[in-house]
Structures are given as C-alpha cells and as structure tokens.
Amino acid sequence: MACNHSRHASIANQSSLIARATLRFVATTANQIDDQNNKNVNAKPLTDMPGPKGLPFIGNLWTILKNNRYYQNRSHELLSIYHAKYGPIYKCRLGSIAFVYITKPEDIAKVFKVEGKYPNRGPILPFLIYREQRKKPKGILVGISEDWRLSRSIMDKKLLKLKDVKAYDNRLNEVTTDFIHYIKRRRIEDNLNGEIINLKECLYKWSFESINTVIYNKRLGALNDPPIPLAKKFYTAVFEMLDRTGLLRLVPPYYKYIQTKYWKEYCGFWDTLFEIGEELIVEERARLQKLADSDHAGQIPQDSHRSENMEFLPYVLSRGELTDEQITANIIELMAGGVDTSANTITSALYILGKNPDIQENLYQEVKSVIKDRECLDWDSLQKMSYLRGVLKESQRIYPVVQGLSRIIAKDVVLSGYHVPAKTMIITGSYAMAFDKSLYDEPDKVKPERWIRSSEQKQPPFSFLPFGFGTRMCIGRRIAELEMQILLARLVYEFRLDTLNTEKIKLINRIVLSPEQAIRIAFHPRNS
Ligand code: HEM
C-alpha cells in the first residue's frame with residue numbers, strides 16, 4: 001500500500017504513519033534481496049541494526065529530558081554522538097520520530113533511488129495539525145502526493161529554470177544595494193566601531209526582501225527605515241513559528257487534542273503568515289485585473305502574456321490549476337522557507353570570513369578582478385567567481401542549515417548490509433558527515449579551494465547535499481545561490497569584515513540549524 005498518498009489524507013493517517021511507517025522494527029528475517037548491483041545478498045534484518053535503546057512511545061526523548069533539556073534543541077549533537085558510538089548506520093527514535101540514520105554516501109544514493117514518484121520527507125506534525133485545525137490547504141513544503149506534484153510542477157518552471165533565475169539578478173542586486181546602504185547607516189547609528197546591533201534581524205530583512213522581490217516583483221519594504229509593518233510582522237512570525245516547531249516536533253502531538261497557550265500562540269504565528277499571504281495575493285489579483293482591463297484598451301504589449309515572459313506570480317495565477325487558497329499556502333511556504341535558510345548561511349559565511357583574513361583577502365581579490373559596477377554584480381560576472389562559490393559551500397558544510405535530509409522510502413532497500421523495509425523513515429547525517437575524515441581532507445579547516453572544479457580531490461557524490469536531492473530538493477536553491485553570491489561578494493567589496501566573537505559558534509536546531517549565540521561582525525568600509 002502506498003504510504004498515505006491519498007489527496008485527503010487526514011492527520012489521523014499521518015500520525016499512524018509515524019507509528020507504523022516511519023520505522024517498522026518488525027522481526028524481519030534475513031532476506032534475499034537485490035542490492036544496487038543486482039547481486040543477491042544476505043542482508044541482515046533491521047532488528048540486528050545497532051542503535052540507542054529508547055523507551056516505548058518517547059524513544060530517546062528521555063535522554064533529552066534527563067540531560068536537563070540540553071539536547072532539546074541540539075538533536076543534531078545527540079545524533080552525532082550516537083554516530084560516533086554506533087557507526088555509519090543506526091536506528092533511533094526521538095520522541096514521535098523513529099528512523100534509520102545513515103552517513104555513507106553510497107547508502108544515501110540508494111535511498112534517493114527508492115524515494116518513489118512522490119518523495120516524502122515524513123510529516124512535520126505541528127505544520128500538519130495547524131493546517132487541519134484551521135482547514136488550510138498544504139503547500140509544497142508540507143504537501144504530499146498529487147497535490148504536491150501539481151504545485152511543484154507549476155512553480156519549478158519559474159524558480160528553477162536557469163533562464164528565469166538569471167533574470168532575477170537585477171532586482172536581487174537592488175535589494176543588496178539597499179542592504180549595503182542600511183549597513184552603512186546602522187554603523188553610524190549604532191556607533192560601535194563598525195559593529196551592527198542585531199545583525200541577525202538585519203539579515204532576516206535582506207532575505208525576506210530578496211525572496212519577495214522574486215515572488216511579487218515588487219519591494220515589500222523590510223529594509224525601509226523603519227521597516228514596513230507588514231514585513232516586520234511576517235519575518236517575526238516566521239522566526240517565532242520555526243523556534244517553536246523544533247520543540248513541538250519532538251513531543252507526542254498532545255496539541256491535537258489539548259489547546260494549550262503555547263499551541264494557541266504557535267497557531268497565531270501561522271495565522272499571521274496566512275493573513276499576510278492572502279492580503280498580498282488579493283492585491284496582486286486586483287493589480288492583474290487592472291492590467292487586463294487596460295490591455296483590452298490596447299495598452300499592454302501582447303508579448304507580456306506569453307508564459308515564458310511572465311513574472312512568477314502572474315504565471316502561477318494565470319495557470320488556473322490551483323485555487324487561491326492553494327496558491328496562498330504555497331506562497332507563504334516559499335516566503336517562510338526563504339528567510340532563515342539564506343540568512344543563516346550568510347551569517348556563517350560572514351563569521352568565517354571575519355575569522356580568516358587570508359580567505360577574505362582571496363575573495364576580495366576575486367571580486368575586484370570581476371566586478372564592473374559596484375552597484376550590480378550580474379549573472380555572467382558571478383559565473384567567473386569560483387572562490388566565492390567555494391566560500392559559500394564551506395559555510396554550508398561547516399554550518400549546515402539542516403541537520404540532515406529525510407525520506408520515507410517507497411521500496412525495500414539494503415543499506416550497509418541491512419534490509420530496510422519500505423515505509424521506513426531514513427535520515428541522512430549531513431551534520432556528522434561534514435567532519436568525516438574519510439570524506440574530507442582536513443575537515444576542521446576552512447578550505448574554499450576544495451570545491452573548485454580543477455581541485456584534484458573531488459568530493460564523492462552524495463556526500464554533500466545542502467539543498468537536498470531529486471524532485472523534492474529545495475525549490476529555492478537557485479534563488480538562494482544567486483542572492484547569497486551577490487550579497488557576499490558585494491559586502492566583501494565594500495567592507496573589511498571582522499568577527500568579534502571569540503568563542504566557537506554552536507548551532508541549535510529550530511527545524512533549521514541556527515547559531516546559538518549572536519554573531520558579532522564589524523563592517524569596516526574599504527573605500528575602494
Ligand atoms: C541557503 C539557503 C537554503 C538552503 C540551505 C535550503 C535547504 C533546503 C533543503 C535541504 C530542503 C529539503 C530538500 C529535500 O528534502 O531534498 C529544502 C526544501 C525547501 N526549500 Fe529550501 N533552502 C534554502 C533556501 C530556500 C529559499 C530561498 C526558498 C524560497 C524560495 C526555499 C524554499 C524551500 C521549499 C518550499 C522547500 C520544500 C520543497 C518541497 O518539498 O518540494 N529554500 N530547502
């Protein structure tokens with residue numbers, strides 16, 4: 001039976017999916033099964049797989065609680081400790097989530113081969129239960145099966161196709177220009193020798209403004225002084241929602257039955273996101289209607305109706321395949337998915353550059369040799385900047401935004417000699433893999449050059465997948481890469497960066513991994 005692919009899958013089904021499907025630690029006897037090379041192998045049963053012994057229902061949640069909640073938002077650390085203890089494959093249960101954890105690239109490759117037609121990361125219950133209680137549709141982030149595929153096939157066209165993404169470079173440069181002016185202003189106002197107070201929020205503003213200029217083809221005003229209230233309301237709600245999802249995800253889903261204050265507040269953050277999304281879509285529909293009316297009066301060039309020339313939102317709206325509610329759900333998931341992720345990666349990159357002046361200098365020299373206009377780093381120039389891409393990849397390796405990728409596999413598979421049945425949840429250990437000596441030469445060192453194509457040592461396939469893989473990989477990948485490359489290069493061109501934190505940064509898991517402590521960067525103008 002397919003794992004809950006029905007269009008109207010209920011939360012009840014989703015919950016039982018967790019119980020049944022995420023891990024079937026049933027006593028599977030040793031199986032004769034084809035492995036990747038079509039050889040019959042005597043795979044060991046899942047019951048033989050090592051792993052920490054948990055308590056019924058809560059699994060290793062006890063370890064989290066017992067340690068004075070230290071691991072409450074550091075499940076990535078706990079999983080890495082288990083990785084050191086049990087090796088590259090183990091089975092585990094954390095609260096309501098049971099899974100097999102893998103770190104060998106060849107196992108990861110096999111998992112993606114059996115992810116099926118509708119890849120499924122497994123339910124994020126707080127997201128799903130909110131949508132069920134409020135009767136909201138699911139967008140691509142949480143949707144599964146045909147609904148997911150339809151939305152994804154429409155949006156992929158405008159967000160992942162190179163031709164369309166290239167065309168976003170101008171407006172992303174405009175956001176970056178505003179961000180640089182904003183930093184210059186803040187340096188003076190904060191008066192702290194170049195340090196900016198609350199850099200995290202500043203970068204939230206940048207990433208929010210960037211993703212929205214792609215979605216709406218207009219500025220929402222997050223970098224205005226003061227920011228437009230709607231923008232601040234949205235990125236604050238994203239932050240709070242993610243913060244609480246991390247904890248709610250670990251505990252059994254009591255909130256399905258008991259409306260605690262905590263849960264009500266959580267729903268309030270989602271309500272804000274939906275309200276803002278709905279408001280913006282209504283505005284956009286009205287704008288398009290006005291344009292269509294003037295078009296009848298012969299004022300709009302015919303060409304702008306061709307789907308390949310359309311902007312993202314007019315394209316999605318004009319397709320007529322999704323209801324406005326579905327479009328809203330998709331758009332707010334894009335808006336929510338694009339804020340923390342890019343902002344955190346840039347934070348890590350700034351931290352690394354400010355700590356490693358030689359790397360910063362190399363990058364500065366590369367930017368200087370390529371940049372033609374200090375207010376615009378276009379797509380073609382960016383293609384010449386391999387060191388810049390290396391710096392970003394190192395930032396994503398050392399400080400990944402997600403602790404790992406997850407999939408509920410569609411078919412049985414043999415992983416590291418164990419027979420893993422279909423419907424098991426698999427989690428890859430990106431966080432632990434980043435420092436694996438068998439995958440990286442001197443993994444503790446920051447080496448942007450390890451990613452440069454001509455470099456002799458190539459990373460094994462499936463060892464580094466910061467944006468995921470396959471048809472369910474990050475839909476914002478190309479936008480994120482473009483916006484981050486533009487911002488990082490132009491910041492280094494304008495400022496010499498100095499990291500003021502003396503301690504090593506640690507990450508906490510709020511669904512996305514984020515620095516635990518405030519990252520303190522001083523921006524010194526180069527006057528170049
Ligand atoms: C540094 C920036 C980013 C990183 C590291 C990142 C990482 C990821 C990862 C690992 C996934 C899961 C992929 C998988 O399961 O195979 C994902 C999914 C997703 N990301 Fe991103 N992301 C980033 C930026 C963005 C941006 C800018 C957007 C907004 C356009 C976005 C929207 C999404 C959405 C909507 C999904 C769910 C896609 C689906 O399930 O079909 N992300 N991202």
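An unreviewed UniProt entry lists the chain under the name Cytochrome P450, with Trichoplax adhaerens as the source organism. Per UniProt, the chain has the following entry under Cofactor (unreviewed entry): "heme".

Draft legend 1. Looking closely at the overall build of the chain. Of the regular secondary structure elements, the chain holds 19 helices and 12 strands. Considering the chain as a whole, with its 528 residues, one finds that 56% of them fall into the buried category. Within the chain, counting contacts between residues at least 6 apart in sequence, those at least 24 apart form 72% of the total. Accessible surface, the chain: about 23000 Å² in total, of which carbon and sulfur atoms supply 53%.

Draft legend 2. Representation of the nonpolar core within the structure. With 121 residues, the main nonpolar core has Phe312, Leu350 and Phe523 as its most contacted residues. Each residue touching Leu350, except ones within four places of it in the same chain, is listed here: Leu199, Leu203, Leu488, Leu491, Leu497, Thr499, Ile521 and Phe523. Within the second largest apolar cluster, 22 residues are counted, among which are Phe112, Tyr418, Met433 and Phe464.

Draft legend 3. Layout of the pairing of strand E9 (residues 495–499). Residue alternation in E9 divides its side chains into a buried set, Phe495, Leu497 and Thr499, and an unburied set, Arg496 and Asp498. Where E9 and strand E12 (residues 521–525) come together, five bridges link them in antiparallel fashion. Within E12, the position partnered with Leu497 by the bridge is Phe523.

Draft legend 4. Local environment of helix H12 (residues 312–319). Here H12 lies mainly inside the structure; six of its eight residues are buried. Phe312, Leu313, Pro314, Tyr315, Val316 and Leu317 are the residues of H12 that are buried. Just downstream of H12, Gly320 is the residue with a positive phi angle, here 70 degrees.

Draft legend 5. Molecular detail of the packing of helix H6 (residues 145–159) against H12. Running from amino to carboxyl end, H6 crosses H12 at an angle of 155 degrees, the nearest separation of the two axes being 10 Å. Comparing the axis directions of H6 and H12 gives the class roughly antiparallel. Between H6 and H12 the crossing geometry is right-handed. Two secondary-structure elements touch here, H6 through Ile154, Met155, Lys157, Lys158 and Leu159 and H12 through Phe312, Tyr315, Val316 and Arg319.

Draft legend 6. The arrangement of helix H13 (residues 324–337) in detail. In this model H13 runs 20 Å from its N-terminal to its C-terminal C-alpha over 14 residues, within 8% of the 20 Å that 1.5 Å per residue would give. Judged by how many residues are buried, H13 sits mostly within the fold: 10 of 14 residues are covered. Among the residues making up H13, those that are buried are Ile327, Thr328, Ala329, Asn330, Ile331, Ile332, Glu333, Leu334, Met335 and Ala336.

Draft legend 7. The arrangement of the packing of aromatic side chains in detail. Under the defined criterion, the tally for this structure stands at 23 aromatic pairs. Aromatic pair Tyr204 and Phe239: ring centres 5.6 Å apart, planes at 65 degrees, arrangement edge-to-face. Placement of Tyr204 in helix H9 (residues 199–216) and of Phe239 in helix H10 (residues 229–250) is noted, with a sequence separation of 35 residues between them. Of the two residues, Tyr204 and Phe239, neither departs from the other in class, the shared state being buried. Here a set of aromatic residues connected by ring pairs shows up, and it is made of Tyr204, Phe208, Phe234, Tyr235 and Phe239. Taking the ring centre of Tyr262 as reference, the NZ or CZ of Arg244 above it sits at 4.5 Å. Geometry around Phe239 places Arg510 over its ring, the cationic atom sitting 4.3 Å from the centre.

Draft legend 8. Seen up close, the side chain of Thr272. Relative to the helices and strands, Thr272 is located in helix H11 (residues 261–296). Looking at Thr272, the relative accessible area reads 15%, which means it is buried. Excluding residues that lie within four positions of it along the chain, Thr272 makes contacts with Lys233 and Ala237.

Draft legend 9. Region of the structure containing the site of the ligand. Taken together, the neighbourhood of the ligand is formed by 28 residues, with Arg121, Arg152, Arg407, Arg472 and Cys474 sitting nearest. Between the ligand and the protein, one listed contact pairs an oxygen atom with a side-chain N or O atom of Trp148 at 2.8 Å. Note that an oxygen atom of the ligand is positioned 2.6 Å from one of the side-chain N or O atoms of Arg472. Tallying contributions element by element places helix H14 (residues 340–355) first for the shell around the ligand, with three residues.

Draft legend 10. Just the packing of helix H8 (residues 169–190) against H9, in detail. It is the contact of H8 with H9, at a shortest axis distance of 9 Å, that shows an interaxial angle of 160 degrees. By the criterion of interaxial angle, the relationship of H8 to H9 is roughly antiparallel. Taken as a pair, H8 and H9 cross one another with a handedness that is right-handed. Between H8 and H9, the residues in contact are Arg171, Leu172, Val175, Thr176, Phe179, Tyr182 and Arg186 and Cys202, Leu203, Lys205, Trp206, Glu209, Ser210, Thr213 and Val214, respectively. When grouped by side-chain class, the residues that make up the contact of H8 with H9 number eight nonpolar, three polar and four charged.

Draft legend 11. Structural view of the UniProt feature "binding site: heme" (unreviewed entry) in the chain. The UniProt entry lists Cys474 under the feature "binding site: heme" (unreviewed entry), expressed in the numbering used here. Residue class for Cys474 comes out partly exposed when judged on its relative accessible area of 31%.

Draft legend 12. Representation of the environment of Asp412. Along the chain, Asp412 falls in the loop between strand E5 (406–408) and strand E6 (413–415). In this structure Asp412 comes out as partly exposed when scored by relative accessible area, which is 35%. Once the C-alpha coordinates of Asp412 and Val114 are considered, the two residues, 298 residues apart in sequence, prove to be 7.7 Å apart. In this structure the side chain of Asp412 is engaged in a polar contact, spanning 2.8 Å, whose partner is the side chain of His419. At 2.8 Å, the side chain of Asp412 and the backbone nitrogen of Ala422 are in polar contact.

Draft legend 13. Spatial organisation of the environment of Tyr351. Structurally, Tyr351 is set in helix H14. Take Tyr351: its relative accessible area is 5%, and that puts it in the buried class. Separated by 157 residues in the primary sequence, Tyr351 and Gly194 place their C-alpha atoms 15 Å from one another. Beyond its immediate sequence surroundings of up to four residues, Tyr351 is in contact with Tyr399, Thr499, Asn501, Glu503, Lys504, Ile505, Ile519 and Ile521. Of the polar contacts made by the side chain of Tyr351, one reaches the backbone oxygen of Glu503; its length is 3.3 Å.

Basis of the calculations
Residues numbered from 1 in each chain as written. Predicted model: local features only at pLDDT ≥ 70, side-chain atom pairs only at ≥ 80, totals over all residues. Heavy atoms only, no water. UniProt positions renumbered as here; feature names shortened; annotations may be inferred. Helix = DSSP H or I, 4+ residues; strand = E, 2+ residues; numbered from the N terminus. Buried < 20%, exposed > 50% of the residue type's maximum accessible area, 1.4 Å probe, protein only. Contact = heavy atoms within 4.5 Å. Areas by Shrake-Rupley, 256 points an atom, 1.4 Å probe, with all protein chains shown as cover. Core = buried A, V, L, I, M, F, W, Y, C linked by side-chain atoms within 4.5 Å. Pairing = 2+ DSSP bridges. Axes fitted to C-alpha atoms, helices over the stretch in contact; angles between N-to-C directions. Parallel < 35°, antiparallel > 145°, perpendicular 65-115°, else oblique. Left-handed = near helix turned anticlockwise from the far one by under 90°. Expected span 1.5 Å × (residues − 1). Phe/Tyr/Trp six-rings, centres within 6.5 Å; stacked < 30°, edge-to-face > 60°. Lys NZ or Arg CZ within 6 Å of the ring centre and 35° of its normal. Near = heavy atom within 4 Å. Polar contact = N/O pair within 3.5 Å; in protein donor to acceptor, adjacent residues only side chain to side chain. Nonpolar A, V, L, I, M, F, W, Y, C, P; charged D, E, K, R; others polar.

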